[in-house]
Amino acid sequence: ARRRLATTEGQLSDMRTELTGSHAVLDEIFTVLSARDASGRPLHALPDGALGTAIHYYEQFAERHAGDPEFALPVARAHANCGTLQLDNGDVESALHHLRSGAALLEQVRPAPGEERAHLERRAELYAALADAHSAARMLNSAVTSAQQETDLKTQLAGTAEPGDPDGARLIASGNLHLARKMLDAGQTGEAGICLDRAAAQLRGLEEAQLANGDDLAMLAATAFELGRNQRLLGQKEAAVKHQIEAIDRYLALIEARPEVADYSFQLARAYGEAADLATALGEGGEAATANAEATEILSELAELNPDNPTYRFELAGRLRAIASALRDAGSAAEAIAEAESATVLLDDLVTHHPGDPDYAHDAAYAHVELANLLAEARRYDTAVEHSSAGVDLMQDLLNNDKDPEGGDSKRLNYRRALASFYGVLGHHCQLADDKEGALKCFEKTERQYQTINELSGGDDADSSKGMAWAKDRIARLGGDE
């Protein structure tokens, strides 16, 4: 019996060693799959199916050892790695499931002596990934919560660093920058500003002590950009301009040092775009045109060199729309239409190839309506109707498919407000095209949408009340009340 027991214990020990080794192999695979360069692009060319295979093995490992206390840490890491890979693969729902599972397990694991710092690092990395997954799921408040947990853990890690160790400042800066971005997305501008100031103070300290490396300087440039964005949202345009000028100068220096890093050029283009929008708002048309031209040139080159990266084309479309608006205000109708048409083509292509991304559909809807207005002003009414109809269809699809997971899966009002407005635009264009029946139907839909918004807002929404009054007046003028 003792020999059988010893044999069984030996077999169990061998099995645990084999399983632990298997997980170590998986971790090595994850390191390869998740490796990114400074631009966020994969460092290694992967064979077709490699990502899916790794996800499958991680899921099997987590399922096989669920509930086994001895494997709690490897299972938590399997969930975390699987969730990270699924987020890269675009499967947001599955990513959230695995990242949440990994976070819950890691909270229960007690690190072995000497492993406390590594455990904090794992948890911070997991909550950073969970924040990004929440953002991808449009769960903006949850993204802030996860990023706050990440920042708190990084602050704890910084407290374990040796005095004068620059890694402590880097941890505080990276956590606060990530948290500020999530706060800005959630409209928490005041809190975001505090985090950005905290990040900037840490990074400027490294720079003044001549301890800042290239990544630190890139983070400092990003912090300047986000500070400018935050100031713009707060209505402090002059202060925002100063931050964007700093961001531009810093990205130019980074590009000079490392021209091969595409992300530096992309972020420079974004900073030029912000500067252009601010110049427009301040009535400085010449400066806006110059900044827009710089941004467009960079983005056009990036989009051409990286046809598989939709982010460059999306940002380029935004710049083209801004240029079209400026040209319209300057009275250059034909040039404005040409730029708006180019933007619409880019966005329609993005919607076709990325049908699950609401940002692309949202901007495409607005681009079509903006182009329709330009065409109507040029008396091209039939074509204007086509584009305003396209804008309505895109926004209607967004509303139909919309679920706010942080609001009981309710539909958000912003899509409904846009749709109400778009029906009004389409009705006006139908009227210009002598389609009285089509115009009447659109104005009736405008009225119904605004009525729904008013009801959902508790019957006290001034904008929807004005919209209903406008639609009723249009219907009356067309004889729809007879």
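Keep in mind the model is a prediction, meaning the values are calculated, not measured. (Residues numbered from 1 in each chain as written. Predicted model: local features only at pLDDT ≥ 70, side-chain atom pairs only at ≥ 80, totals over all residues. Heavy atoms only, no water.)

### Some words on the overall build of the chain
Helix and strand counts for the chain come out as 19 helices and zero strands. Across the 482 residues in the chain, those meeting the buried criterion constitute 44%. A separation of at least 24 residues holds for 60% of the contacts in the chain among residues at least 6 apart in sequence. When the accessible surface of the chain is split by element, carbon and sulfur atoms take 50% of a total near 24,300 Å². (Helix = DSSP H or I, 4+ residues; strand = E, 2+ residues; numbered from the N terminus. Buried < 20%, exposed > 50% of the residue type's maximum accessible area, 1.4 Å probe, protein only. Contact = heavy atoms within 4.5 Å. Areas by Shrake-Rupley, 256 points an atom, 1.4 Å probe, with all protein chains shown as cover.)

### A short note on helix H18 (residues 436–456)
Across its 21 residues, H18 extends 30 Å between first and last C-alpha, which sits within 8% of the 30 Å expected from 1.5 Å per residue. Against helix H16 (381–401), helix H17 (413–432) and helix H19 (462–477) lie the buried residues of H18. Among the residues trailing H18, Gly-458 stands out with phi positive, at a value near 85°. (Expected span 1.5 Å × (residues − 1).)

### Points about the side chain of Glu-246
Within the fold, Glu-246 resides in helix H10 (residues 237–257). Residue class for Glu-246 comes out buried when judged on its relative accessible area of 19%. Aside from chain neighbours lying at most four places away, what touches Glu-246 is Arg-204 and Ala-224.

### Some thoughts on the layout of surface pockets
One number sums up the size of the second largest pocket: a volume of about 200 Å³. If you trace the second largest pocket, you find 13 residues lining it, with Ala-262, Ser-265, Glu-301, Leu-302 and Leu-305 closest to the centre. Of all the secondary structure elements, the ones that give two or more residues to the lining of the second largest pocket are helix H11 (262–281) and helix H12 (285–305). Per element, the largest residue contribution to the lining of the second largest pocket is five residues, and it comes from H12. Looking at side-chain class alone, the lining of the second largest pocket contains seven nonpolar, two polar and four charged residues. (1 Å grid on protein atoms, 1.4 Å probe; cavity = no way out; pocket = protein on both sides within 12 Å on 5 of 7 lines; lining within 4 Å. Points joined across faces, edges and corners; volume = space filled by probe spheres on them. Nonpolar A, V, L, I, M, F, W, Y, C, P; charged D, E, K, R; others polar.)

### Description of helix H6 (residues 140–159)
Here H6 is 20 residues long and its end C-alpha atoms lie 29 Å apart, about the 28 Å a rise of 1.5 Å per residue gives. If you check which residues of H6 are buried, you get Ser-142, Ala-143, Val-144, Ser-146, Ala-147, Glu-150, Thr-151, Leu-153, Lys-154, Leu-157 and Ala-158. Of the surrounding elements, those touching the buried residues of H6 are helix H5 (116–136) and helix H7 (166–185).

### As for unusual backbone geometry
A positive phi angle, near 60°, is found at Arg-138, a position not held by glycine. Its location among the elements puts Arg-138 in the loop between H5 and H6. Despite not being glycine, Gln-210 shows a phi value in the positive range, around 60°. Here Gln-210 shows up in the loop between helix H8 (189–208) and helix H9 (214–233). Residue class for Gln-210 comes out exposed when judged on its relative accessible area of 73%.

### Concerning the nonpolar core
Formed by 77 residues in total, the largest nonpolar core has its most connected members in Tyr-251, Leu-268, Tyr-272 and Met-395. Ranked by residues supplied to this core, first place goes to H11 with nine residues. Those residues in contact with Met-395 that sit more than four places away from it in its chain are His-362, Ala-365, Tyr-366, Tyr-415, Ala-418, Leu-419 and Phe-422. Core analysis: the next-biggest nonpolar cluster, separate from the first, contains 19 residues, Leu-126, Tyr-127, Leu-157 and Ile-172 among them. (Core = buried A, V, L, I, M, F, W, Y, C linked by side-chain atoms within 4.5 Å.)

### Some remarks on the pattern of salt bridges
Taken as a whole and assessed by the stated rule, the structure comprises 25 salt bridges. Glu-246 serves as the salt-bridge partner of Arg-250, at 2.9 Å between the closest nitrogen and oxygen. With Arg-250 and Glu-246 both in helix H10 and four residues apart, the pair spans about one turn of that helix. Each member of the pair, Arg-250 as well as Glu-246, carries the same accessibility label: buried. (Salt bridge = Lys/Arg side-chain N within 4 Å of Asp/Glu carboxyl O.)

### What about a negative patch on the surface?
Residues Glu-294, Glu-297, Glu-301 and Glu-304 make up a contiguous surface patch of negative charge. Examined against the element boundaries, Glu-297 turns out to sit in helix H12. (Patch = residues over 30% accessible without salt bridge, like charges linked within 9 Å, V, L, I, M, F, W, Y side chains within 5 Å. Lys, Arg positive; Asp, Glu negative; His and termini not counted. Charge placed at Lys NZ, Arg CZ, Asp CG, Glu CD.)

### Some thoughts on the environment of Arg-250
Classification of Arg-250 as buried rests on a relative accessible area of 17%. Separated by 14 residues in the primary sequence, Arg-250 and Tyr-264 have C-alpha atoms spaced 9.5 Å apart. Those residues in contact with Arg-250 that lie beyond four places of it in its chain are Arg-204, Glu-207, Leu-217, Leu-220 and Ala-221.

### Focus on the confidence of the model for the chain
Per-residue pLDDT for the chain has a mean of 88; in total, 85% of the residues score no lower than 70. Low confidence marks residues 14–21, where pLDDT is under 50. Its contacts with residues over four positions away, or in another chain, come to seven contacts. (pLDDT = per-residue confidence, 0-100.)

### Points about the environment of Arg-270
Mapping Arg-270 onto the fold places it in helix H11. Judged by its relative accessible area of 22%, Arg-270 falls in the partly exposed class. Separated by 29 residues in the primary sequence, Arg-270 and Leu-299 have C-alpha atoms spaced 9.0 Å apart.

### Re the packing of H7 against H9
The relative placement of two packed helices is expressed as an angle between their axes plus a distance between the axes. Viewed as axis vectors pointing N to C, H7 and H9 meet at an angle of 30°, and their least axial separation amounts to 11 Å. Compared by their axis directions, H7 and H9 come out roughly parallel. Viewed along their axes, H7 and H9 form a crossing whose handedness is left-handed. Across the interface between the two elements, Arg-170, Ala-173, Ser-174, Leu-177, Arg-181, Leu-184 and Asp-185 from H7 touch Asp-216, Met-219, Ala-222, Thr-223, Glu-226, Arg-229, Asn-230 and Leu-233 from H9. Class assignment of the residues belonging to the contact of H7 with H9 gives a composition of six nonpolar, three polar and six charged. (Axes fitted to C-alpha atoms, helices over the stretch in contact; angles between N-to-C directions. Parallel < 35°, antiparallel > 145°, perpendicular 65-115°, else oblique. Left-handed = near helix turned anticlockwise from the far one by under 90°.)

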